[in-house]
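Single-letter residue listing:
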Amino acid sequence: MPPNGRKTSAMSGSNDALDHLKATFAEISAINNAIAVLGWDQNTYMPPGGAAGRAEDLAALAKLAHERLTSRRTGDLLKAAQDHAASLDPASDDASLVRVAQRDYDREVKVPDALVAEIARTSVLAESVWRDARSRNDYPAFAPWVEKTVDLNRRLCECVGYPEQPFDALVDYTEPGMTTNAVRAVFDELRPHLVDLVGKITPQVDNVDDTVLHRQYDEATQERIGREVVARFGYDFNRGRLDRTTHPFETAFNRDDVRITTRYDSRFLSMALMGTMHEAGHGMYEQGISPALAQTPLTGGVSSGMHESQSRLWENFVGRGMPFWRFFYPTLQAAFLDSLGDVEMHQFYRAINKVCPSLIRVEADEVTYCLHIMFRFDLEIALLDGSLAVNDTPAAWNEKVRGYLGITPPNDTVGILQDIHWTTGLGGFQGYALGNIIAAQLWESAHQAHPDLPEQFERGEFGALLHWLNTNIHQHGRKFLPADLLQRATGSALSPQPYVRYLRRKYGEIYSL
Ligand code: ZN
C-alpha cells in the first residue's frame, strides 16, 4: 500500500476481480450441481428408457459449465486477481481459490467444449448398454462403447498434455500432481508384501468360515441397521439420505445435501452393511468441507485417493475392526437372532475378515483388494496407448486375474464387465488402492493424536476420529494438492508402509502367521 494507506486502483481492481470470479464460479457450481442431481436420479429412479434424453441434457449442461469456466472473461478475471492473491497467505481461502481455479482453467481451456459434451453424452449412453451387456454376459455388445470411450480419452489426453505418457493426463484429473510412474512406484512397493501375505494365507483359507454371512437376512432390517451404524459414525441424515441403487455411490450437491446409495442381498450380509459404511465415509468427507468454500472450485474432495481413504477407513479400519464389533455385535445379533443367534462375536469378526482371492473387486477382502486395482491399472494404460486392443481385453483381463489372484473368471459378467468405470472413462481405478494406503497413514496419525480411539470405539464413540478427520482433511476441500494435504495431516509423504504394517498385524493375528 502507498504511505497514505489508500488502496491503489490496481489493488481494488484485484479485489473486484476476485468478487467477479466468485460470482462466476457460483454460477458454474450451480450448473455442476444440476449435473450431479441429474446423475443421482439417473442412477436411482430414472426409467431405463430415459437414457437418450438424459444424455442430451447432461451433454448440454457439461458444455455450458465448460464454456463458462474457459471463457475469455474467466481468464481475464483470473489474470486480474493474481496480484491480490500473491499478497495473501497462500493457505488462505482466497489465495487457494485463485491458485486452484487457475489450475483448472489452464487445463480445461485446452479442451474443446464439443469434446466435453461428447464425453458426457457417451457416458450416459454407454452405461445403459453396459448394464444390459453385463446382465447378458455380452462383452461384444459393450466393446464398441469401450472403443469410443478409449478414443475420447486419447483425444482428451492429447488436448490437456502430459509430462511423460498420455495416461498421466488421466491420473492428474483424479490425483492432482501425480503421474503414472509415481502411482506405479507405490504399487511396486506394495505388491510384494500383498503377494507374500496372500501366499501365506491361501493354504489356510478354510481356517476362517464365512458361511454365516450367507444366511437369511431380512432386507428391511439390514437397512435399519445400516442407518443406525452410519448415523453413529457421524453421517448426518439431516444433510443426507440413503437410497437403493445397483452400483452404490455417493454424490454431493453441497455440504448440506450429500447423498449415499447402497444395494441389498438377503443372502449376503456384508454387501449392504459394509457398503453403507463405505459410502457414508465418502459422505462424511463432503459434509465436513468448510462452508466458506461453498460455490467455489475449492469445494468437494481433493482427489479420488483421498476420497477413497475416507470410505475405506470407515468401512475397513473401523467397520471391520474388533473394537467396533465389541460395541455393536450384540445389537446386530439381536436384530438377526435367527441367523446370528448361534454365532459368537469372534467367529463373526473372523467371517467378515476372511481373506480369499475372489473375482469381484467390490467384495474383495483387504489383503487382495489392491491386486484387483493393480491389474486394472496395467490394462488401462495398455488400452490408452494402443498396445492392447479393445477386442483382446477380455482375454488379457482373464490372464491378469490368473496371474494376480490365481483364479479364472468363468464368464465376463464376473470378469471384465463387472465395473461401471469404462462407461465414463479410463483412469478411475488407482484411487481405490491409493485410498487404502492413505487410510492407513491417517489411521496411524489419528491414533497418535488419540491413543484411546479403540476404547472409544468399544463404547460406540466415533466423534474424536471424525473430528480429527474433519480438522485435518475434510474442511480443506480442494485447497491443497493431495500430497501437501497428506503431509500436513500426517507429517509424511505417500507411503504404503503403514498399510503393510496394518495388514500384517491384523491378518497375522487372524491367521496366526
Ligand atoms: Zn468408494
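What you see is a predicted model, and the numbers here were worked out from it, not measured in a lab.

**Section: the overall build of the protein**
Next up, step 1: When you go through the protein residue by residue, the secondary structure sums to 21 helices and three strands.
Next up, step 2: Projected onto its principal axes, the C-alpha coordinates of the protein cover approximately 80 × 55 × 45 Å.
Next up, step 3: Taking all 513 residues of the protein together, the buried fraction comes to 56%.
Next up, step 4: Entry remark: accessible area of the protein is about 20,500 Å², with carbon and sulfur atoms responsible for 52%.
Next up, step 5: Put simply, the protein has 51 plus and 67 minus side-chain charges, and the middle of one group is 2 Å from the middle of the other.

**Considerations on the coordination of the zinc ion**
Next up, step 1: Donor atoms from the polypeptide that bind the zinc ion are His278 (NE2), His282 (NE2), Glu308 (OE) and Glu308 (OE), placed at 2.1 to 2.7 Å.
Next up, step 2: Of note is the zinc ion, whose four donor atoms meet at the metal with angles of 50 to 124 degrees in an arrangement that counts as irregular.
Next up, step 3: One chain supplies every donor for the zinc ion, spaced along it as H-x3-H-x25-E. Residue His282 is located in helix α10 (residues 269–287), and its partner Glu308 is located in helix α11 (residues 304–318); the two are separated by 26 residues in the primary sequence.

**Digging into helix α9 (residues 219–233)**
Next up, step 1: The end-to-end C-alpha distance of α9, which contains 15 residues, comes to 21 Å, matching closely the 21 Å that a straight helix rising 1.5 Å per residue would cover.
Next up, step 2: Three or more residues of α9 are buried, namely Thr221, Gln222, Ile225, Gly226, Val229, Val230 and Phe233. Projection of α9 onto a plane perpendicular to its axis shows the buried side chains occupying an angular sector of 155 degrees, all on one side.
Next up, step 3: On its buried side, α9 packs onto α10, α11, α12 (322–335) and α19 (463–472).
Next up, step 4: Of the residues one or two after α9, Gly234 is the one with positive phi, at around 130 degrees.

**What about the nonpolar core?**
Next up, step 1: Ranked by internal contacts, the top residues of the largest apolar core, which has 129 residues, are Trp325 and Leu332.
Next up, step 2: In terms of residues, this core owes the most to one element, helix α15 (residues 369–385), which gives twelve residues.
Next up, step 3: Taken together, domain 1 (9–161) and domain 2 (180–510) each give at least three residues to this core, which thus spans both.

Definitions and limits used
Residues numbered from 1 in each chain as written. Predicted model: local features only at pLDDT ≥ 70, side-chain atom pairs only at ≥ 80, totals over all residues. Heavy atoms only, no water. Helix = DSSP H or I, 4+ residues; strand = E, 2+ residues; numbered from the N terminus. Buried < 20%, exposed > 50% of the residue type's maximum accessible area, 1.4 Å probe, protein only. Areas by Shrake-Rupley, 256 points an atom, 1.4 Å probe, with all protein chains shown as cover. Lys, Arg positive; Asp, Glu negative; His and termini not counted. Charge placed at Lys NZ, Arg CZ, Asp CG, Glu CD. Donors = N, O, S within 2.8 Å, 3.2 Å for Na, K, Ca; no water. Tetrahedral: all angles 85-135°; square planar, octahedral: opposite > 155°, others 65-115°. Expected span 1.5 Å × (residues − 1). Arc of directions from axis to C-beta. Contact = heavy atoms within 4.5 Å. Core = buried A, V, L, I, M, F, W, Y, C linked by side-chain atoms within 4.5 Å. Domains from an automatic or database assignment.

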